[in-house]
Amino acid sequence: MIGIPCLRENDRYAAYKDRIVEAAIASLGDTPHDLFITHPIHFRKGMRLQALVEAMNKLVEYFLVGSWELLWVVELDIQVPKDAFSKLFSLNADVAQGWYSYHHDVNLPIVAYLDENGKMFHLPRNKVEGQVLSGMVFAGMGCALIKRRVFQNGLRFRYDPHIGHDILFALDVQKEGFVLKVHGDVYCGHLPEWPLEKDFST
């Protein structure tokens, strides 16, 4: 199942929706799938992270009601490549993540190793590309393929004002004994700055 968290109807993320959905479905090829986009959540200024956690958990609850074995979370500003699903699936990890760059720097991946408190030790691009990373690793929740069993004992996304929900999830998953891997060949576009069509060679 493809799950896409949506917070507002008219923000810049909603403007990318058709493009993001099209890329994810194309990546699945002939694989049977369902698509669930959360209904927009209205939230007060300064409470976007709480709303995002709520949206992520709505995806999980919808997923668990059905019979799908895999939840593929794709955030609304993440453009997945054509081979993303097949490569993530091939890892056979409890959580398999693609990666992407920070908005402000295409050469700075959102990929890091974590200590037990969630402190991030970022990896340079050349240490990510072409690698399969495991251990206490993290690459955001923009492109994450998650097995059903991860959620079956009640594990969910959590809000903490001092640490991102995506970092918390990576910590919680691995502390519970599940395996998280990052596929260095699944590089995703991060809109609007870094669409996959953009040529970074010049």
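Predicted model, so just to flag it, every value in this text is computed and none were measured.

(A) Spotlight on the overall build of the protein chain. A tally of helices and strands in the protein chain yields 5 helices and 14 strands. Principal-axis analysis of the C-alpha atoms gives the protein chain an extent of 45 × 40 × 35 Å. For the protein chain, the proportion of its 202 residues judged to be buried stands at 51%. The long-range fraction of contacts in the protein chain, counting pairs at least 24 apart against all pairs at least 6 apart in sequence, stands at 75%. Computed over 21 positive and 25 negative side-chain charges, the inter-centroid distance for the protein chain is 3 Å.

(B) Spotlight on the nonpolar core. Membership of the largest hydrophobic core comes to 73 residues, with the highest contact counts inside it found for Trp-72, Val-80, Ile-146, Val-150, Phe-151 and Phe-169. Looking at which element gives the most residues to this core, the answer is helix α3 (residues 48-65), with 8 residues. Aside from chain neighbours lying at most four places away, what touches Val-150 is Asp-94, Val-95, Leu-155, Phe-169, Val-173 and Phe-178.

(C) Spotlight on the sheet that holds strand β11 (residues 137-138). As summarised here, the arrangement of the 3 strands in space is β9-β8-β11, forming an open sheet in which the pairing is antiparallel. Every other strand in the sheet has two partners, leaving β9 (120-122) and β11 as the edge strands with one partner each. Where strand β8 (residues 112-114) meets β9, 3 bridges bridge the pair, whose relative direction is antiparallel. Note on β9: the bridge partner recorded for Ala-112 is His-122.

(D) Broad picture of the pattern of salt bridges. Per the stated rule, a full pass over the model turns up 7 salt bridges. Across the pair Asp-94 and Arg-149 runs a salt bridge whose closest N-O atoms are separated by 2.7 Å. Of this pair, Asp-94 sits in the loop between α4 (84-90) and β5 (95-99) while Arg-149 sits in the loop between β12 (143-147) and α5 (165-175); the two residues are 55 residues apart in sequence, bridging distant segments of the chain. You can call Arg-149 partly exposed: its relative accessible area is 47%.

Parameters and conventions
Residues numbered from 1 in each chain as written. Predicted model: local features only at pLDDT ≥ 70, side-chain atom pairs only at ≥ 80, totals over all residues. Heavy atoms only, no water. Helix = DSSP H or I, 4+ residues; strand = E, 2+ residues; numbered from the N terminus. Buried < 20%, exposed > 50% of the residue type's maximum accessible area, 1.4 Å probe, protein only. Contact = heavy atoms within 4.5 Å. Lys, Arg positive; Asp, Glu negative; His and termini not counted. Charge placed at Lys NZ, Arg CZ, Asp CG, Glu CD. Core = buried A, V, L, I, M, F, W, Y, C linked by side-chain atoms within 4.5 Å. Pairing = 2+ DSSP bridges. Salt bridge = Lys/Arg side-chain N within 4 Å of Asp/Glu carboxyl O.

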